[in-house]
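This is what each chain is made of:
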Amino acid sequence: QVQLQESGGGSVQSGGSLKLSCAASGDTRCMAWFRQAPEKEREGVAVIDSDGNTRYADSVKGRFTISIESAKNTLLLQMNSLVPEDTAMYYCAATRISCSFYGPGLLPPSWATVYWGQGTQVTVSS
């Protein structure tokens, strides 16, 4: 089945950049990045389908870029102009359903089977 492995997290100063990657195997029709900060609920960050169509959370639009390195089946998240509010555990995820089913907050429908990576910590210092 689907297996995901994130990497690339770390600590940077405000204004810095990080690039996250998620090695994937199996059928991943829609892939996404989520994040969860302490005492906050999980939020969708960005989604991308197999055709390269993307959607972003308003909080990261213009600063983050989600993409797929097709040859390696790797999901990428380029994060620029980072701010302390971006500090969170970041998770990659995949579903076998179309991204068009993802609703408010870029969250998949409750009936969908979601495959999760183990997470990678991103910390941005002011």
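Look up a bit, the structure's there.
Quantities reported herein were computed from a predicted structural model and do not represent experimental measurements.

Colleague: How should I be thinking about the pattern of salt bridges in this particular structure?
Modeller: Side chains carrying opposite charge are able to pair once their charged atoms draw close together. Tallied over the entire structure, the rule returns 5 salt bridges. In this structure, E43 and R35 form a salt bridge, with 2.7 Å as the shortest nitrogen-oxygen distance. For E43, a relative accessible area of 33% puts it in the partly exposed group. Assessed through its relative accessible area of 5%, R35 is described here as buried. Beyond isolated ion pairs, a larger network of salt bridges with shared partners links R35, E43, R63 and D86.

Colleague: What exactly am I supposed to notice about the packing of aromatic side chains here?
Modeller: In this description, a pair of aromatic rings is defined by centroid distance and the angle of the planes. Applying the stated criterion to the full structure yields 3 aromatic pairs. On the basis of an interplanar angle of 55° and a centroid distance of 5.2 Å, the ring pair of F34 and W116 is categorised as tilted. You can see F34 sitting in strand β4 (residues 30-36) and its partner W116 sitting in strand β10 (residues 115-116), a full 82 residues away along the chain. Given the relative accessible area of 37%, W116 is considered partly exposed. Grouping aromatic residues by their ring pairs yields a cluster made of F34, Y91 and W116. Over the ring of F34 we find R42; its NZ or CZ atom is 5.2 Å from the centre of that ring.

Colleague: Even after reading the chapter, I still don't get the nonpolar core, so can you show me in this structure?
Modeller: Nonpolar side chains tend to gather and get buried jointly when the protein is soluble and globular. Ranked by internal contacts, the top residues of the largest apolar core, which has 37 residues, are L4, W33, L77, M79 and Y90. Among the secondary structure elements, those contributing two or more residues to this core are β3 (18-25), β4, β5 (43-49), β7 (64-69), β8 (74-79), β9 (88-95) and β11 (120-125).

Colleague: Got a minute to help me understand the sheet that holds β8 in this structure?
Modeller: The strands that make up a sheet are held in pairs by hydrogen bonds between backbone atoms, and each pair lies either parallel or antiparallel. One open sheet accounts for 4 strands, arranged β1-β3-β8-β7; its pairing is antiparallel. Bordering the open sheet on either side are β1 (3-7) and β7, each of which pairs with just one other strand. The mean inter-strand angle of the sheet, taken between neighbouring strand axes irrespective of direction, is 15°. Of the pairings in the sheet, the one linking β3 to β8 comprises 6 bridges and is antiparallel in character. Residue pairing in the sheet places L20 in a bridge with L77 of β8.

Colleague: Is there a simple way to think about unusual backbone geometry in this case?
Modeller: Both trends apply: most residues other than glycine have a negative phi, and most peptide bonds are in trans. Positive phi outside glycine occurs at E39, with the angle close to 65°. Within the secondary structure, E39 is located in the loop between β4 and β5. Here E39 falls in the exposed class, since its relative accessible area comes to 83%. Unusually for a residue other than glycine, L106 sits at a positive phi of about 60°. With respect to the helices and strands, L106 occurs in the loop between β9 and β10. L106 sits in the buried class, given a relative accessible area of 7%.

What counts and how
- Residues numbered from 1 in each chain as written.
- Predicted model: local features only at pLDDT ≥ 70, side-chain atom pairs only at ≥ 80, totals over all residues.
- Heavy atoms only, no water.
- Salt bridge = Lys/Arg side-chain N within 4 Å of Asp/Glu carboxyl O.
- Buried < 20%, exposed > 50% of the residue type's maximum accessible area, 1.4 Å probe, protein only.
- Phe/Tyr/Trp six-rings, centres within 6.5 Å; stacked < 30°, edge-to-face > 60°.
- Helix = DSSP H or I, 4+ residues; strand = E, 2+ residues; numbered from the N terminus.
- Lys NZ or Arg CZ within 6 Å of the ring centre and 35° of its normal.
- Core = buried A, V, L, I, M, F, W, Y, C linked by side-chain atoms within 4.5 Å.
- Pairing = 2+ DSSP bridges.
- Axes fitted to C-alpha atoms, helices over the stretch in contact; angles between N-to-C directions.

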